[in-house]
Amino acid sequence: MPPWSDRRGLRSALLAAVIAVAAMVPGASADVLPPQAIETEHRLRENPQAFDRADQFCTGRSAGDACQMPGTALAGGGAGVCRNGIDSSRTRIDLRCERTAKVSLERGLPAEGFVLPAYFCENPEGAAIARSRGFSCTPAAQPPHDRFCQGRGIGAACTALLTVDGTPVRDAGVCARITESAPRFYFRGWHIAQREVVNCVSPEPIERRYKDIGWWQKVRQ
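Residues numbered from 1 in each chain as written. Predicted model: local features only at pLDDT ≥ 70, side-chain atom pairs only at ≥ 80, totals over all residues. Heavy atoms only, no water.

Novice: Quick question: what am I supposed to make of the sheet that holds strand β4 (residues 93-99) here?
Specialist: Where strands meet in a sheet, backbone hydrogen bonds hold them as pairs that are either parallel or antiparallel. Taken together, 5 strands build an open sheet; the order of strands is β2-β3-β4-β1-β11 and the sheet is mixed. Looking along the sheet, the strands with just one partner apiece sit at the ends: β2 (66-69) and β11 (210-212). Within this sheet the neighbouring strands show an average axis-to-axis angle of 35°, counted without direction. Inspection of the sheet shows strand β3 (residues 78-86) paired to β4 by 7 bridges, in the antiparallel sense. Bridge assignment links G85 to a residue of β4, and that residue is D94. Sheet strands in contact with helix α2 (residues 35-46) are β3 and β4, and its direction is about 120° off that of β3. (Pairing = 2+ DSSP bridges. Helix = DSSP H or I, 4+ residues; strand = E, 2+ residues; numbered from the N terminus. Axes fitted to C-alpha atoms, helices over the stretch in contact; angles between N-to-C directions. Contact = heavy atoms within 4.5 Å.)

Right, here's the structure in full:
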């Protein structure tokens, strides 16, 4: 058996032991990542080219390949590059087309307003964590509107002003009620704080569709 195989087997055994011990230790830190997330991060560190799924723009491609997403800048379209990263479940590695142009869109929305489920604040520890992260457990009475939809109702036409690589661009859109999510965090399970806003968005936004890759493409990574 080649030497590198022994080293890889040893690393895998050590990782499995660490995960097993972490799972058995009572009173372990509530913010420790679950075993599946640790294993996924380990795979990506061991193989920077690894991925389990690819979106429709990077199907048949590898990390670092060029890609193209049709659509306006407001819709999320433009030239890009295929990059891999861990998905929101922390259990899979996705290859997705990421736009290479620097796009800036200042909506003028407040930074606060993200809300956790009411039960999260029912005990003092949960309430303290919510406050430390700037979250609430009480939704706002009315969703804030971005600066392009001020004074406009849901479904009204709007025009968003963006900059693409420093060049001003105006794209037509529609005012829509959107659910925004703050980054997930782990505290005795995964949690997401969300809020409702009214934003000027593209009527035909880019929608990603992911597909698991075949075993042959995994072998070639």
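Novice: Help me out: how do you make sense of the environment of F187 in this one?
Specialist: Relative to the assigned elements, F187 resides in the loop between β8 (185-186) and β9 (190-191). The class for F187 is buried, based on a relative accessible area of 7%. It is 8.9 Å that separates the C-alpha atoms of F187 and I129, two residues lying 58 residues apart in sequence. (Buried < 20%, exposed > 50% of the residue type's maximum accessible area, 1.4 Å probe, protein only.)

Novice: What should I look at first to understand the confidence of the model for the chain in this one?
Specialist: It should be kept in mind that the predicted coordinates are not to be read in detail where pLDDT is low. Mean pLDDT over the chain stands at 85; residues scoring 70 or higher make up 85%. pLDDT under 50 marks residues 1-31. Its contacts with residues more than four places away, or in other chains, come to 14 contacts. (pLDDT = per-residue confidence, 0-100.)

Novice: Could you clarify how one ought to interpret the packing of aromatic side chains in this entry?
Specialist: Each aromatic ring pair is summarised here by two numbers: the centre-to-centre distance and the angle between the ring planes. Enumeration over the complete set of coordinates arrives at 4 aromatic pairs. Judged by centre distance (5.9 Å) and plane angle (85°), the rings of F120 and F185 are edge-to-face. In this pair, F120 sits in the loop between β5 (103-104) and α3 (124-132) while F185 sits in strand β8, placing the two residues 65 residues apart along the sequence. Looking at F185, the relative accessible area reads 3%, which means it is buried. Note on F120 and F187: the rings are 6.0 Å apart at their centroids and 65° apart in plane angle, and the pair reads as edge-to-face. In this pair, F120 sits in the loop between β5 and α3 while F187 sits in the loop between β8 and β9, placing the two residues 67 residues apart along the sequence. For F120, a relative accessible area of 4% translates into the label buried. A network of ring pairs unites the aromatic residues F120, F135, F185 and F187 as a single cluster. (Phe/Tyr/Trp six-rings, centres within 6.5 Å; stacked < 30°, edge-to-face > 60°.)

Novice: Any chance you could explain the state of the cysteines here in plain terms?
Specialist: Here, the word disulfide means a covalent bond between the sulfur atoms of two cysteines. One pass over the structure, following the stated rule, counts 5 disulfides. In this model C58 forms its disulfide with C82; the gap between the sulfur atoms is 2.1 Å. Residues C58 and C82 are joined by a disulfide whose S-S torsion is about -105°; by sign, that bridge is left-handed. Residue C58 is found in the loop between β1 (53-55) and β2, and its partner C82 is found in strand β3; the two are separated by 24 residues along the sequence. (Disulfide = S-S within 2.5 Å.)

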